[in-house]
Amino acid sequence: MTKVLVSGATGTIGRPLVNQLEDAGADVRTVTRELTDPVALGAALDGVDAVFLLWPFASAEGAREVLELIGARRVVYLSSAAARPHEVEIERQIAGTAREWTVLRPHAFAANALRWAAQVRAGVVRQPYGDVAFSPVHERDVAAVAVRALLGGGHHGVVHTLTGPRPLTQREQTRAIGDAIGLPVRWEEEPPEEARLRLLGLGWPAPAVDGMLRGLAEPGPATDTVEKVTGVPASTFETWASEHAADFLGTMRAARIHEYGDASVISLEEVPVPRPGPGEVLVRVAATSFNLSEVGLRTGLLRDVLDVTLPHTFGWDVAGTVVVGAGDLTPGDRVIGLIGGAAAEYAVAKADALAKAPRRIPLADAAAVPVAGLTAWQAVFEHARIGRGSRVLINGAGGGVGLFAVQLAKHAGAYVVATAGPRSAAAVRALGADEVVDYTTTPLPGGNDVLINLVADVPASVTELAEEFVSITRPIEHPRAVRFVARNDPGQLAELVALIDEGVVDVTVDVRPLDSLAALHHEAERGLIRGKIVLKVGK
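Attention here is on the structure that accompanies the text. (Residues numbered from 1 in each chain as written. Predicted model: local features only at pLDDT ≥ 70, side-chain atom pairs only at ≥ 80, totals over all residues. Heavy atoms only, no water.)

## Examining the overall build of the chain
Line of reasoning, step 1. The secondary structure content of the chain amounts to 18 helices and 26 strands.
Line of reasoning, step 2. Referenced to the eigenvectors of the C-alpha coordinate spread, the extents of the chain come out at roughly 95 × 55 × 45 Å.
Line of reasoning, step 3. For the chain, with 539 residues in total, the buried portion stands at 50%.
Line of reasoning, step 4. Contacts in the chain between residues far apart in sequence, at least 24 positions, make up 70% of those at least 6 positions apart. (Helix = DSSP H or I, 4+ residues; strand = E, 2+ residues; numbered from the N terminus. Buried < 20%, exposed > 50% of the residue type's maximum accessible area, 1.4 Å probe, protein only. Contact = heavy atoms within 4.5 Å.)

This is the structure:
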């Protein structure tokens with residue numbers, strides 16, 4: 001196993017380099033401040049075969065001593081395409097001491113665009129030289145070339161000039177960032193002399209300012225070095241912008257609680273946009289939905305049932321658009337899922353926990369589907385095992401789950417008897433119920449094969465009404481009764497989406513703004529909620 005020492009391991013290149021080296025099976029050690037500490041560096045170098053050197057200073061002073069400690073090992077040095085005097089000097093010293101050496105000279109990093117983050121959030125990037133084109137290189141690609149040079153052969157004495165795959169003007173880069181975050185961002189040209197005064201006013205040294213402005217004024221090349229070395233085309237700037245969308249977005253609105261209590265503990269706050277990890281996507285939320293169980297969560301009644309950490313962001317249902325992709329999902333995909341934390345402008349989810357959103361209904365309306373739809377699906381098909389000719393009584397058919405359960409039971413070929421109050425009866429009948437019973441005036445009918453219970457108050461006589469029982473609220477005391485809590489199942493969700501797109505299942509919702517969440521909790525506690533309510537988050 002090759003032992004590699006990486007300097008600058010927490011930096012833009014160092015982080016992906018360490019990950020890629022470990023994925024390649026290398027034994028990785030890291031140094032940051034220890035680089036210029038002879039004792040610490042000597043200890044870190046013990047047994048090391050190859051060194052990735054990032055020199056963090058603007059002069060070559062002290063480099064000779066470090067290189068003498070590194071000795072006759074393989075060295076990969078991160079220089080720059082600018083080939084500044086101190087970088088050239090370090091390259092010369094490495095060539096004279098290392099057993100094998102490789103120099104990486106990247107042109108402009110795509111990550112340099114992060115300096116525009118505050119202006120991007122304001123909608124206008126004002127910088128000089130907007131129409132000068134160069135080819136920004138993804139930090140992951142620089143790391144990938146470094147891995148080949150550190151672990152493989154054929155790179156001794158080679159200077160690799162690294163760029164992205166094609167030139168883009170800074171104006172075009174700005175447009176790509178706006179596309180990635182889904183917000184309009186325009187370029188505004190700043191005269192170079194104004195930019196110079198601005199940077200000097202920020203405390204930049206004059207030589208650094210003048211050097212940077214000269215670099216921005218000169219078009220840069222596009223090389224195919226990344227593809228030649230790695231066998232994989234260099235990443236586009238658009239890909240980089242999509243992956244770093246959260247860095248540009250900054251903060252978002254989210255509906256949260258910091259303590260348990262009445263509806264007044266719910267607040268809309270500005271919080272950081274979450275950053276997706278491996279296998280996760282970042283979703284721009286169009287809508288979430290309101291579920292009655294969130295009242296129990298908010299009051300603390302479910303603290304022993306649900307794994308909730310305070311502060312907590314509401315919203316188990318999500319409907320939105322992928323901003324940062326993963327797995328089979330790419331930016332722009334419209335998705336739904338049961339994830340948690342969706343009462344916010346952005347949410348993170350495992351890619352394999354989501355399904356493509358229905359095409360036949362508005363994206364915001366689709367937020368009604370995951371929790372209610374999966375609960376109904378599992379009640380009808382898994383637990384009640386309803387089939388053609390079954391007679392099913394759905395108790396609480398006017399609620400969010402009930403409206404799906406009626407349609408799915410009819411799709412399965414059952415005769416559906418549904419209970420609903422006067423305000424919900426017409427909607428339940430329109431969705432296909434064969435009989436609608438007004439539970440406020442009429443006793444529940446018996447003679448059913450299965451009773452699916454969706455309400456909290458279950459009369460003792462309910463066991464006389466059917467042969468089998470399925471409940472999502474209180475347990476029903478009967479040998480052939482089951483109570484369950486719905487689980488996330490993206491496969492079932494995809495099947496449900498297909499039925500929606502085929503017109504077999506309709507989705508009927510009441511759409512409200514996110515800032516009405518506290519009022520909804522008040523309504524729920526007074527028993528005033530009917531049907532399924534979605535909370536629109538996006539514009």
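## With respect to the side chain of Asp317
Line of reasoning, step 1. By the secondary structure assignment, Asp317 is in strand E15 (residues 317-324).
Line of reasoning, step 2. Put simply, Asp317 is tucked away with no salt bridge, and the nearest opposite charge, on Lys532, sits 4.2 Å away.
Line of reasoning, step 3. For Asp317, the side chain forms a polar contact with the side chain of Ser289, separated by 2.3 Å. (Lys, Arg positive; Asp, Glu negative; His and termini not counted. Salt bridge = Lys/Arg side-chain N within 4 Å of Asp/Glu carboxyl O. Polar contact = N/O pair within 3.5 Å; in protein donor to acceptor, adjacent residues only side chain to side chain.)

## A short note on the layout of surface pockets
Line of reasoning, step 1. Computed from the structure, the second largest pocket encloses a volume of approximately 1,600 Å³.
Line of reasoning, step 2. Around the second largest pocket, the lining comprises 44 residues; the ones closest to its centre are Ser80, Ala82, Arg84, Phe109 and Asn112.
Line of reasoning, step 3. When contributions to the lining of the second largest pocket are tallied by element, the ones reaching two or more residues are strand E4 (74-78), helix H4 (85-97), helix H7 (170-181) and helix H9 (206-217).
Line of reasoning, step 4. With 6 residues, the single largest contributor to the lining of the second largest pocket is H9.
Line of reasoning, step 5. When its residues are assigned to classes, the lining of the second largest pocket shows 25 nonpolar, 14 polar and 5 charged. (1 Å grid on protein atoms, 1.4 Å probe; cavity = no way out; pocket = protein on both sides within 12 Å on 5 of 7 lines; lining within 4 Å. Points joined across faces, edges and corners; volume = space filled by probe spheres on them. Nonpolar A, V, L, I, M, F, W, Y, C, P; charged D, E, K, R; others polar.)

## Structural notes on the pairing of strand E19 (residues 391-395)
Line of reasoning, step 1. Extensive coverage of E19 is indicated by the burial of 4 of its 5 residues.
Line of reasoning, step 2. Where E19 and strand E20 (residues 415-420) come together, 5 bridges link them in parallel fashion. Along E20, the bridge assignment pairs Leu393 with Val417.
Line of reasoning, step 3. Bridge count between E19 and strand E22 (residues 448-453): 4 bridges; the pairing is parallel. Pairing of Val392 across the sheet is with Val450, part of E22. (Pairing = 2+ DSSP bridges.)

## A few points about the packing of aromatic side chains
Line of reasoning, step 1. Tallied over the full model, the rule gives 5 aromatic pairs.
Line of reasoning, step 2. Taking the centre distance of 5.7 Å and the plane angle of 75 degrees together, the rings of Trp116 and Trp187 count as edge-to-face. In this pair, Trp116 is assigned in the loop between strand E5 (100-106) and helix H5 (117-122) and Trp187 in strand E10 (residues 186-189), connecting sequence segments 71 residues apart. Of the two residues, Trp116 and Trp187, neither departs from the other in class, the shared state being buried.
Line of reasoning, step 3. Measuring from centroid to centroid gives 5.9 Å for Trp240 and Phe248, while their planes differ by 80 degrees, and the two rings are edge-to-face. Taken as a pair, Trp240 and Phe248 share a single burial class, namely buried.
Line of reasoning, step 4. Members of the aromatic cluster, each reached through a chain of ring pairs, are Phe237, Trp240 and Phe248. (Phe/Tyr/Trp six-rings, centres within 6.5 Å; stacked < 30°, edge-to-face > 60°.)

## A few points about the pattern of salt bridges
Line of reasoning, step 1. Taken as a whole and assessed by the stated rule, the structure comprises 27 salt bridges.
Line of reasoning, step 2. The partner of Arg74 in a salt bridge is Glu100, and the shortest N-O contact between them spans 3.0 Å. Placement of Arg74 in strand E4 and of Glu100 in strand E5 is noted, with a sequence separation of 26 residues between them.
Line of reasoning, step 3. The exposure class assigned to Arg74 is buried, which follows from its relative accessible area of 13%.
Line of reasoning, step 4. What makes Glu100 partly exposed here is its relative accessible area of 22%.

## Description of the packing of helix H14 (residues 370-383) against helix H17 (residues 490-501)
Line of reasoning, step 1. The contact between H14 and H17 brings their axes to 10 Å, and the two run at 100 degrees. Between H14 and H17, the crossing angle belongs to the class labelled roughly perpendicular. For the pair formed by H14 and H17, the contact residues are Pro370, Gly373, Leu374, Trp377, Gln378 and Glu382 on the first element and Gln492, Leu493, Glu495, Leu496 and Leu499 on the second.
Line of reasoning, step 2. Its residues placed into classes, the contact of H14 with H17 shows 6 nonpolar, 3 polar and 2 charged. (Axes fitted to C-alpha atoms, helices over the stretch in contact; angles between N-to-C directions. Parallel < 35°, antiparallel > 145°, perpendicular 65-115°, else oblique.)

## A word on the environment of Lys532
Line of reasoning, step 1. Positionally, Lys532 belongs in strand E26 (residues 532-536).
Line of reasoning, step 2. Considering only alpha carbons, one finds Lys532 and Leu403, 129 residues apart in sequence, at a separation of 8.5 Å.
Line of reasoning, step 3. Once residues within four sequence positions are removed from consideration, Lys532 is found in contact with Ser289, Phe290, Asn291, Asp317, Ala368, Ala372, Gly400, Thr508, Val509 and Asp510.
Line of reasoning, step 4. A polar atom in the side chain of Lys532 sits 3.2 Å from the backbone oxygen of Phe290.

## A look at the nonpolar core
Line of reasoning, step 1. Counting 52 residues, the largest nonpolar core has Ile386, Val392, Ile394, Val406 and Ile452 as its most contacted members.
Line of reasoning, step 2. With 7 residues, helix H15 (residues 400-411) is the single largest residue contributor to this core.
Line of reasoning, step 3. Discounting residues that sit within four places of it in the chain, Val406 has contacts with Ile394, Ala397, Val416, Ala418, Val428, Leu431, Gly432 and Ala433.
Line of reasoning, step 4. Counting residues in hydrophobic clusters, the runner-up holds 32 residues, among them Val283, Ala326, Ala342 and Val371. (Core = buried A, V, L, I, M, F, W, Y, C linked by side-chain atoms within 4.5 Å.)

## Comments concerning the sheet that holds strand E12 (residues 267-272)
In any sheet, the strands associate via hydrogen bonds between backbone groups, in a parallel or an antiparallel arrangement.
Line of reasoning, step 1. Pairing within the open sheet is antiparallel, and its 3 strands lie in the order E12-E11-E14. One side of each edge strand has no neighbouring strand; the edge strands of this open sheet are E12 and strand E14 (312-313).
Line of reasoning, step 2. As paired elements, strand E11 (residues 251-257) and E14 share 2 bridges and run antiparallel to each other. Bridged to Arg256 within E14 is Thr313.

## Observations regarding unusual backbone geometry
Line of reasoning, step 1. Omega for the bond connecting Leu310 with Pro311 falls within 30 degrees of zero, at -5 degrees, which places this linkage in the cis form.
Line of reasoning, step 2. Note that Pro311 resides in the loop between helix H13 (293-299) and E14.
Line of reasoning, step 3. Phi is positive for Ala83, which is not a glycine, with a value near 45 degrees.
Line of reasoning, step 4. Here Ala83 is to be found in the loop between E4 and H4.
Line of reasoning, step 5. Even without being glycine, Arg385 reaches a positive phi, approximately 50 degrees.
Line of reasoning, step 6. Along the chain, the position of Arg385 falls in the loop between H14 and E19.

## Quick look at empty space enclosed by the protein
Here the idea is plain: a probe the size of a water molecule rolls over the atoms and shows the empty space left.
Line of reasoning, step 1. Considering all chains together, one arrives at 1 cavity of 30 Å³ or more under this definition.
Line of reasoning, step 2. The volume enclosed by the largest cavity comes to roughly 70 Å³.
Line of reasoning, step 3. Taken together, Ala368, Gly400, Leu403, Phe404, Gln407, Leu431, Asp506, Val507, Thr508, Val509 and Lys532 make up the full set of residues lining the largest cavity.
Line of reasoning, step 4. If one sorts the elements of the lining of the largest cavity by residue count, H15 sits on top with 4 residues.
Line of reasoning, step 5. Taken together, the residues that form the lining of the largest cavity break down as 6 nonpolar, 3 polar and 2 charged.

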